[in-house]
Amino acid sequence: MYVLEETKEQNVTNEDIDETNIDENQDVTEEDHEANAEKSEEINIEEVLQENEQLKQETAQLKDRMLRIQAEYDNFKRRTNEERLAERKYQSEKLATALLSVLDNFERALQVEITEENKGLMDGMQMIYNQFAEALQSEEVTAINAVNEPFDPNIHQAVMQVEDGSVASNIVVEELQKGYMLKDKVIRPAMVKVNK
């Protein structure tokens, strides 16, 4: 009997040891789980913070890119609008330039001496000339005033110089060919004689 009791005690003792080991293992595992959870939370927080920082940088870059594209688009729109306005403003420049030589010929023809024989013809030419000049003025083509004006190389083309003591220096004394402007642009400078 004694042997049996001893074995029972050993069994109980082994069971107690196993339970204690299980309890200790459970304590260790719970502590490990808590420590691991804290580490994974720290790792997750660091990862989230890094990812957040990266997303902020990407957002800033995209915003900067969007602003640049918007600025480029606004500049493109402004440039094309300015080009379109300039094109409309000077759309009749080629036609006006081509018609100036016709206007010059009309002026030369009107300088012919009027006689009884050509009076009707000259009156008709004068009316046509007036209509022609009005049509050019309606497109804002205007003659440049040159005689007795100070010489301006932007609107005058000096082809001759004269010395005249009765006129101040650098003044236009004679216009050889009329100059014209379309709105604010010179389409043909006036050919002039200038006093030295």
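Scroll up a little and you will see the structure.
A brief report on the enclosed structure follows. (Residues numbered from 1 in each chain as written. Predicted model: local features only at pLDDT ≥ 70, side-chain atom pairs only at ≥ 80, totals over all residues. Heavy atoms only, no water.)

With that settled, the discussion passes to the packing of helix α2 (residues 93–110) against helix α3 (residues 119–138). Two numbers describe how α2 lies on α3: the axes approach to 10 Å, and their chain directions differ by 150°. Relative to α3, the element α2 lies roughly antiparallel. In the crossing of α2 with α3, the sense of the turn from one axis to the other is left-handed. Seen from α2, the contacting residues are Ala-96, Leu-99, Val-102, Leu-103, Phe-106, Glu-107, Ala-109 and Leu-110; seen from α3, they are Met-122, Met-125, Gln-126, Ile-128, Tyr-129, Phe-132 and Leu-136. (Axes fitted to C-alpha atoms, helices over the stretch in contact; angles between N-to-C directions. Helix = DSSP H or I, 4+ residues; strand = E, 2+ residues; numbered from the N terminus. Parallel < 35°, antiparallel > 145°, perpendicular 65-115°, else oblique. Left-handed = near helix turned anticlockwise from the far one by under 90°. Contact = heavy atoms within 4.5 Å.)

So, about the packing of aromatic side chains. Enumeration according to the criterion identifies 2 aromatic pairs in this entry. Ring centres of Phe-106 and Tyr-129 lie 6.5 Å apart, and the angle between their planes is 55°; this geometry places the pair in the tilted category. One end of the pair, Phe-106, is in helix α2; the other, Tyr-129, is in helix α3, and 23 residues separate them in sequence. Residue Phe-106 is classed as buried on the basis of its relative accessible area of 17%. Centroid distance Phe-106 to Phe-132: 6.1 Å. Interplanar angle 40°. Geometry classified as tilted. (Phe/Tyr/Trp six-rings, centres within 6.5 Å; stacked < 30°, edge-to-face > 60°. Buried < 20%, exposed > 50% of the residue type's maximum accessible area, 1.4 Å probe, protein only.)

Now for the environment of Leu-121. Looking at the secondary structure, you find Leu-121 in helix α3. With a relative accessible area of 55%, Leu-121 lands in the exposed category. Sequence separation of Leu-121 and Leu-110 is 11 residues, and the distance between their C-alpha atoms is 10.0 Å.

Once that is clear, we can look at the side chain of Lys-193. Along the polypeptide, Lys-193 turns up in strand β6 (residues 190–195). With a relative accessible area of 17%, Lys-193 lands in the buried category. In contact with Lys-193, not counting residues within four places along its chain, are Met-160, Val-162, Ile-171, Val-172, Val-173, Glu-174 and Leu-176.

Let us look at a nonpolar patch on the surface. On the surface, Val-159, Met-160 and Leu-176 cluster together to form a nonpolar patch covering roughly 240 Å² of accessible area. Positionally, Met-160 belongs in strand β2 (residues 156–162). Met-160 sits in the partly exposed class, given a relative accessible area of 40%. (Patch = residues over 30% accessible without salt bridge, like charges linked within 9 Å, V, L, I, M, F, W, Y side chains within 5 Å. Areas by Shrake-Rupley, 256 points an atom, 1.4 Å probe, with all protein chains shown as cover. Salt bridge = Lys/Arg side-chain N within 4 Å of Asp/Glu carboxyl O.)

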